[in-house]
Amino acid sequence: MQSKTSSHALFDVLAGHGLDRVFLVPGESYLGLLDALVDFPTIDVVTCRHEGGAGYMAVADGRLTGRPGVALVSRGPGASNAAIAVHTAQQDAVPMILLIGQIAARDLRREAFQEIDYQKMFGSIAKWVFECTTPEQLAQAAFKAIRIATSGVPGPVVIVIPEDIQQQTVTKPSFTNHKQIFGVPDTTTLTQIANRINQAKRPLIIAGGAYDCPGGREALNALAHHFELPVMVSFRRHDIYANDDSLYVGDLNLANPAKQMETLQQSDFILALGTRLGDITTQNYVFPRYAQAAQTLLHCYPDSRVVGWDTVADFGLVCDPVRLAETLISFPAKHADRSNWIGSLREHAQAWWAWPTREAKKGINYAQVVRSVMEHAPLDTTICLDAGTFAAPVYRHFQFRTGQRLMAPLAGAMGYGTPAALACSLRDSSRTIVCMVGDGGFMMTGNEMILAVERQLPIVFLVANNGSYGSIRLHQERGYPGRVSGTSLFNPDFHDLARSFGMQAVRLSTQAEIDDVIKHALNLRKPILIEVNTSLDAILP
Ligand SMILES: Cc1ncc(C[n+]2csc(CCOP(=O)(O)OP(=O)(O)O)c2C)c(N)n1
């Protein structure tokens, strides 16, 4: 059967694999793709204001659905703007497809108007970069892109499509990607693992993002409780294990206290499950120690490039961590009492979680706002974070309960929060979405907030206004005290800005108003921006 055009064939593949939304900024280099989209009413076209915003929305969408988030951008300038999202997808292990219009195939590599060699540009951050040169390749590339983006460590794939091969007649593709089958280890190995878990006096699970999938959290919880294993989560993965569970012992982050790490080092069996064991999670490769851990180490991740990449594992398991957890609970649990070990880990965690008592002399201490959100947020809340110091109280003190979700860029990329909140609300507008962003990050992608008004997305935008790139100022004060350089901000009136977008807006200036304003915003079910007049006072050393 004939497909209308090569672009139709490409979208046939995407739509056939459940991809129902694309985020884009249009460009003359992909008019053929845009034209085909008219014939795909099942694909929601979200028109954005900056390719960074479009790309971030695709990253957030990919993380939420487990299917690749799709962004379409124009050649040269558009693709350059989108690069931040490709990097974020790679660092955050999120499936994403970036489609880029390109100059005509006949002119390739002549440095034509807005031409870039994307293999060179994205080669080190994308899992696969492919430049189509014939119309038939559009559908084939889309088919392969879905597999590559979602297999192993999920990540970004870039498909480049010259403008003169977007509208040719081609055969309608009938490709279907099948689920990859992961085996679990053989019974002998599983028995050895179960025995080792039972023998361990001070075991510890370090759980990562691979449990962020349907059934993943439940499997992890069942494993932990079956064998009475305390659980730490890897960097910024707070929401994969209920923080109010008796076996939750905190997260591995940028600032774990030395005393806590001393206790953790005493563990005798680390089960690193579904985590890449990156530099921050491992506290710069000392927990577990590079290149040979002091503890028995089990490392499970569905990618052979991750397991044993840095630190050799006694049990190196290239398989699905969810299936591993589901399988292990069929082995009997026969172990000595571990309550002292778990108790000592929880003491460290509880000391870390305690809310600060420091008051700000000027403005609001933002930690109080975070505390109020935590107290009043329902169980269907998603917290979307940008990068900056305002986010520190969330990472440290917010207790994510079952049902609550954290969308935070592992890449530490500013500008992520607002587009991520929009993508979350587009997926499920019945959820409570709270976007926390600083005045710096908001001015990077806050323009995308207009989508919340256009589509009536009930998002609570909290803009922490401290007149500064506070996070960098903090580092500056530590390294170069009193020598402020390049970190102060002159801001617009965020309240009036939001009103001009057609949204409700509130200025939060005193401590006493916090609870009322937060409760009002959470119950409003309409987009609202709260400008929080905070200051550097509560955060500077
Ligand atoms: C795109 C990007 N540019 C620069 C940085 C470096 N950076 C990290 S945090 C930060 C300041 C954030 O300022 P703001 O959004 O106002 O939040 P605050 O730290 O003041 O709470 C900067 C510039 C980054 N992480 N990402």
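Higher on the page you've got the structure.
Conventions adopted
Residues numbered from 1 in each chain as written. Predicted model: local features only at pLDDT ≥ 70, side-chain atom pairs only at ≥ 80, totals over all residues. Heavy atoms only, no water. Phe/Tyr/Trp six-rings, centres within 6.5 Å; stacked < 30°, edge-to-face > 60°. Helix = DSSP H or I, 4+ residues; strand = E, 2+ residues; numbered from the N terminus. Buried < 20%, exposed > 50% of the residue type's maximum accessible area, 1.4 Å probe, protein only. Contact = heavy atoms within 4.5 Å. Salt bridge = Lys/Arg side-chain N within 4 Å of Asp/Glu carboxyl O. Pairing = 2+ DSSP bridges. Axes fitted to C-alpha atoms, helices over the stretch in contact; angles between N-to-C directions. Near = heavy atom within 4 Å. Nonpolar A, V, L, I, M, F, W, Y, C, P; charged D, E, K, R; others polar. Expected span 1.5 Å × (residues − 1). Core = buried A, V, L, I, M, F, W, Y, C linked by side-chain atoms within 4.5 Å.

Break down the packing of aromatic side chains for me, with residues and values.
Evaluation of the coordinates by the stated rule reveals twelve aromatic pairs. The interplanar angle of 55° and the centroid separation of 5.8 Å between the aromatic rings of phenylalanine 11 and phenylalanine 40 together place this pair among those described as tilted. Within this pair, whereas phenylalanine 11 is found in helix H1 (residues 6-16), its partner phenylalanine 40 is found in the loop between helix H2 (31-37) and strand E3 (44-47), the two being separated by 29 residues in sequence. For the residue pair phenylalanine 11 and phenylalanine 40, the accessibility class agrees, reading buried in each case. Centroid distance phenylalanine 442 to phenylalanine 494: 5.8 Å. Interplanar angle 75°. Geometry classified as edge-to-face. With phenylalanine 442 in helix H15 (residues 439-445) and phenylalanine 494 in helix H18 (residues 494-501), the pair connects residues that are 52 residues apart, well separated along the chain. Residues phenylalanine 442 and phenylalanine 494 agree in their burial class; the two are buried. Site record: aromatic cluster; members linked through ring pairs are Tyr241, Tyr248 and Trp353.

I'd like to hear about the side chain of threonine 382, residue by residue, with values.
When you line up the elements, threonine 382 lands in strand E15 (residues 381-385). Contact partners of threonine 382, with chain neighbours within four places excluded, come to Arg405, Met407, Cys424, Arg431, Thr432, Ile433 and Val434.

Help me get a handle on the pattern of salt bridges, residues and values and all.
Considering all chains together, one arrives at 23 salt bridges under this definition. For aspartate 212, the salt bridge goes to arginine 63, with nearest N and O atoms at 3.8 Å. With aspartate 212 in the loop between strand E9 (203-207) and helix H8 (216-227) and arginine 63 in helix H3 (residues 51-65), this pair connects stretches of sequence that are 149 residues apart. Here the two residues aspartate 212 and arginine 63 agree in accessibility, since each one is buried.

Describe the sheet that holds strand E17 (residues 432-438), and please don't skip the residues or the numbers.
Spatially, E16-E15-E17-E18-E20-E19 is the arrangement adopted by the six strands of the open sheet, whose pairing is parallel. Two strands lie at the open edges of the sheet, namely strand E16 (405-407) and strand E19 (504-508), each paired on one side alone. In this sheet, adjacent strand axes meet at a mean angle of 20° when their direction is disregarded. Pairing of strand E18 (residues 459-465) with strand E20 (residues 528-533), which is carried by six bridges, proceeds in the parallel orientation. Bridged to asparagine 465 within E20 is asparagine 533.

Talk me through the site of the ligand; I want residue IDs and the actual numbers.
Surveying the vicinity of the ligand reveals 18 residues, the closest of which are Gly412, Asp439, Gly440, Gly470 and Ser471. Those elements that place two or more of their residues in the shell around the ligand are H15 and helix H17 (470-479). The element best represented in the shell around the ligand is H15, accounting for four residues. A breakdown of the residues in the shell around the ligand according to their chemical character gives seven nonpolar, ten polar and one charged.

Which residues make up helix H6 (residues 137-150), and what values do they have?
When the terminal C-alpha atoms of H6 are compared, their 20 Å separation across 14 residues agrees well with the 20 Å that a helix rising 1.5 Å per residue should span. H6 sits mainly inside the fold: ten of its 14 residues count as buried. For H6, the set of buried residues is Gln137, Leu138, Ala139, Ala141, Ala142, Phe143, Ala145, Ile146, Ile148 and Ala149. Within two residues after H6, glycine 152 carries a phi angle of roughly 55°, on the positive side.

Describe in detail unusual backbone geometry, supporting the description with residues and values.
A cis amide bond, omega -5°, links phenylalanine 287 with the succeeding residue proline 288. Cis geometry marks the peptide bond from tyrosine 290 to alanine 291; its omega dihedral reads 0°. When you line up the elements, alanine 291 lands in the loop between strand E12 (269-273) and strand E13 (296-300). A positive phi angle is found at glutamine 114, which is not glycine, with a value near 65°. Along the chain, the position of glutamine 114 falls in the loop between strand E5 (96-102) and helix H5 (118-122). On the accessibility criterion, glutamine 114 (24% relative accessible area) is partly exposed. With a phi angle near 65°, asparagine 284 is a residue other than glycine that sits in the positive phi range. Residue asparagine 284 is classed as exposed on the basis of its relative accessible area of 57%.

Explain the nonpolar core to me, and be specific about the residues and the numbers.
Grouped together as the largest cluster of nonpolar side chains are 56 residues, with contacts concentrated most on Leu98, Phe122, Ile459, Phe461 and Leu529. Residues within four places of phenylalanine 122 in sequence aside, it is in contact with Ala79, Ala83, Val86, Leu98, Ile100, Val129 and Val158. Ranked by size, the runner-up nonpolar core spans 53 residues in total, among them Leu247, Tyr248, Leu271 and Cys319.

Summarise the pairing of E17; cite the residues concerned and give the values.
Looking along a regular strand, one sees side chains alternate from face to face of the sheet. Where burial is concerned, most of E17 is hidden: seven out of the seven residues are buried. Side chains Thr432, Val434, Met436 and Gly438 of E17 all project onto a buried face; the interleaved residues Ile433, Cys435 and Val437 project onto the opposite face, where all are buried too. Bridge count for E15 against E17 is five bridges, and the pairing is parallel. Of the residues in E17, the one forming a bridge with leucine 385 is methionine 436.

How would you summarise the environment of glycine 101 if you had to cite specific residues and measurements?
Along the chain, the position of glycine 101 falls in strand E5. Owing to a relative accessible area of 1%, glycine 101 belongs among the buried residues under this scheme. Non-local contacts of glycine 101, meaning those with residues more than four positions away in its chain, are made with Ser29, Tyr30, Val73, Ser74, Arg75, Tyr118, Ile161 and Gln166.

Talk me through helix H14 (residues 417-427); I want residue IDs and the actual numbers.
Counting buried residues in H14 gives ten out of eleven residues, a clear majority hidden from the surface. Regarding H14, the residues found buried are Gly417, Thr418, Pro419, Ala420, Ala421, Leu422, Ala423, Cys424, Ser425 and Leu426.

Kindly report on the sheet that holds strand E2 (residues 21-24), identifying the contributing residues and their values.
An order of E3-E2-E4-E5-E7-E6 is seen for the six strands of this open sheet, with the pairing classed as parallel. With one partner strand each, in any of the chains shown, E3 and strand E6 (128-131) form the two edges of the open sheet. Each neighbouring strand pair of the sheet contributes to a mean axis angle of 20°, computed without reference to strand direction. Pairing between E2 and strand E4 (residues 69-73): three bridges, direction parallel. Bridging from a neighbouring strand, valine 22 pairs with valine 70 of E4. Across the sheet, helix H4 (residues 77-92) lies against E4, E5 and strand E7 (156-162), angled at about 165° from E5, the strand it touches most.

Give me the environment of threonine 282: which residues, what numbers.
As for its position among the elements, threonine 282 is in the loop between E12 and E13. Counting along the chain gives 29 residues from threonine 282 to asparagine 253, while the straight-line C-alpha distance between them is 8.8 Å. Aside from chain neighbours lying at most four places away, what touches threonine 282 is Leu277, Phe287 and Pro288.

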